[in-house]
Amino acid sequence: MATLNRRSLLALFGIATVAGRASAARSARPPVVLLRTHVNGEAYYEAAEIASTLRAGTPLTLRREPDNAYDRRAIEVLDAAGRKLGYVPRSDNPAVARMMDAGERMRASVTDVRVLTCDIRMVVEWLPG
């Protein structure tokens, strides 16, 4: 399997760097939405107890779990207090996991919560620069 370096990752998203551009200009790039998905496995973790406290825009933490016995690309989803809500679905995690492993910064937040069914929707953004 080929590894992605920063230059090829940027090219993959069609974002080329221009030689001589100031580093401040690079850090001023807007976030790139990588994924809109739901939190998976919430029935097995603390999501049911926490769902009623979540609102659209609530920040979430993503944490890689490469030693997960079921999915080597597993990405845990936690609330601001570090309570585990579940995982990024396996079908959605390959690109995000590779980017996180390469040191790229991500930001995730709640987009919608259905408390009765404990359905938590989220967006994952890449923070280039």
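Given the structure is predicted, the values throughout are model-derived calculations rather than measurements. (Residues numbered from 1 in each chain as written. Predicted model: local features only at pLDDT ≥ 70, side-chain atom pairs only at ≥ 80, totals over all residues. Heavy atoms only, no water.)

Undergrad: Explain the overall build of the chain to me, and be specific about the residues and the numbers.
TA: Helix and strand content of the chain: 4 helices and 6 strands. Seen in sequence order, the chain has helices and strands lined up from the N terminus as α-α-β-α-β-β-β-α-β-β. Of all 129 residues assigned to the chain, the portion counted as buried reaches 40%. Long-range pairs, those at least 24 residues apart, make up 57% of the contacts in the chain with a sequence separation of at least 6. Surface summary for the chain: the accessible area is close to 7,700 Å², and the carbon and sulfur share equals 52%. (Helix = DSSP H or I, 4+ residues; strand = E, 2+ residues; numbered from the N terminus. Buried < 20%, exposed > 50% of the residue type's maximum accessible area, 1.4 Å probe, protein only. Contact = heavy atoms within 4.5 Å. Areas by Shrake-Rupley, 256 points an atom, 1.4 Å probe, with all protein chains shown as cover.)

Undergrad: Describe in detail unusual backbone geometry, supporting the description with residues and values.
TA: Despite not being glycine, Cys-118 shows a phi value in the positive range, around 50°. By the secondary structure assignment, Cys-118 is in the loop between strand S5 (105–114) and strand S6 (119–127).

Undergrad: Give a description of the nonpolar core that names residues and reports values.
TA: Proteins that are soluble and globular tend to have nonpolar side chains buried together. Counting 25 residues, the largest nonpolar core has Leu-62, Val-77, Leu-85, Met-106, Met-122 and Val-124 as the members making the most contacts within it. Residue assignment for this core shows that the elements contributing at least two residues are helix H3 (47–50), strand S2 (59–64), strand S3 (75–78), helix H4 (94–101), S5 and S6. If sequence neighbours within four positions are ignored, Met-106 has contacts with Leu-34, Leu-62, Val-96, Met-99, Met-100, Val-124, Glu-125, Trp-126 and Leu-127. (Core = buried A, V, L, I, M, F, W, Y, C linked by side-chain atoms within 4.5 Å.)

Undergrad: If you had to explain the layout of surface pockets to someone new, which residues and values would you point to?
TA: Looking at the largest pocket, its volume works out to about 220 Å³. Considering the residues around the largest pocket, the lining is formed by Asn-40, Gly-41, Tyr-44, Tyr-45, Asn-68, Tyr-70, Asp-71, Ala-74, Tyr-87, Val-88, Arg-90 and Asn-93. Grouping the constituent residues of the lining of the largest pocket by class yields 6 nonpolar, 4 polar and 2 charged. (1 Å grid on protein atoms, 1.4 Å probe; cavity = no way out; pocket = protein on both sides within 12 Å on 5 of 7 lines; lining within 4 Å. Points joined across faces, edges and corners; volume = space filled by probe spheres on them. Nonpolar A, V, L, I, M, F, W, Y, C, P; charged D, E, K, R; others polar.)

Undergrad: Describe the pairing of S5, with residues and values.
TA: Alignment of S2 against S5, held across 2 bridges, turns out to be antiparallel. Bridging across to S5, Pro-59 finds its partner in Ser-109. Hairpin remark: S5 followed by S6, antiparallel, with 4 residues in the connecting loop; positive phi at Cys-118, about 50°. (Pairing = 2+ DSSP bridges.)

Undergrad: How would you sum up the packing of aromatic side chains? Please name residues and give values.
TA: Summed over the entire model, instances satisfying the criterion amount to 1 aromatic pair. Ring centres of Tyr-45 and Tyr-87 lie 5.8 Å apart, and the angle between their planes is 70°; this geometry places the pair in the edge-to-face category. A residue pair is termed long-range when its members are at least 10 positions apart, and Tyr-45 in the loop between strand S1 (32–38) and H3 and Tyr-87 in strand S4 (residues 84–87) qualify at 42 residues. Of the residues examined, Tyr-87 reaches a relative accessible area of 15% and is grouped as buried. (Phe/Tyr/Trp six-rings, centres within 6.5 Å; stacked < 30°, edge-to-face > 60°.)

Undergrad: I'd like to hear about the pattern of salt bridges, residue by residue, with values.
TA: Overall, the coordinates contain 9 salt bridges when judged by the stated rule. Salt-bridge contacts for Glu-76 lead to Arg-63; the nearest nitrogen and oxygen are separated by 2.8 Å. Here Glu-76, found in strand S3, pairs with Arg-63, found in strand S2; they are 13 residues apart in sequence, far enough to count as distant. By relative accessible area, which is 7% here, Glu-76 ends up buried. According to the relative accessible area criterion, Arg-63 is partly exposed, its value standing at 44%. When the shortest N-O distance is used, the salt bridge between Glu-125 and Arg-107 registers 2.9 Å. Pair noted here: Glu-125 is in strand S6 and Arg-107 is in strand S5, with a separation of 18 residues, a long-range link. Overall, the relative accessible area of 15% leaves Glu-125 in the buried class. Accessibility expressed as a relative area gives 38% for Arg-107, which makes it partly exposed. Each member of the salt-bridge network shares a partner with another, and the members are Arg-63, Glu-65, Glu-76 and Lys-84. (Salt bridge = Lys/Arg side-chain N within 4 Å of Asp/Glu carboxyl O.)

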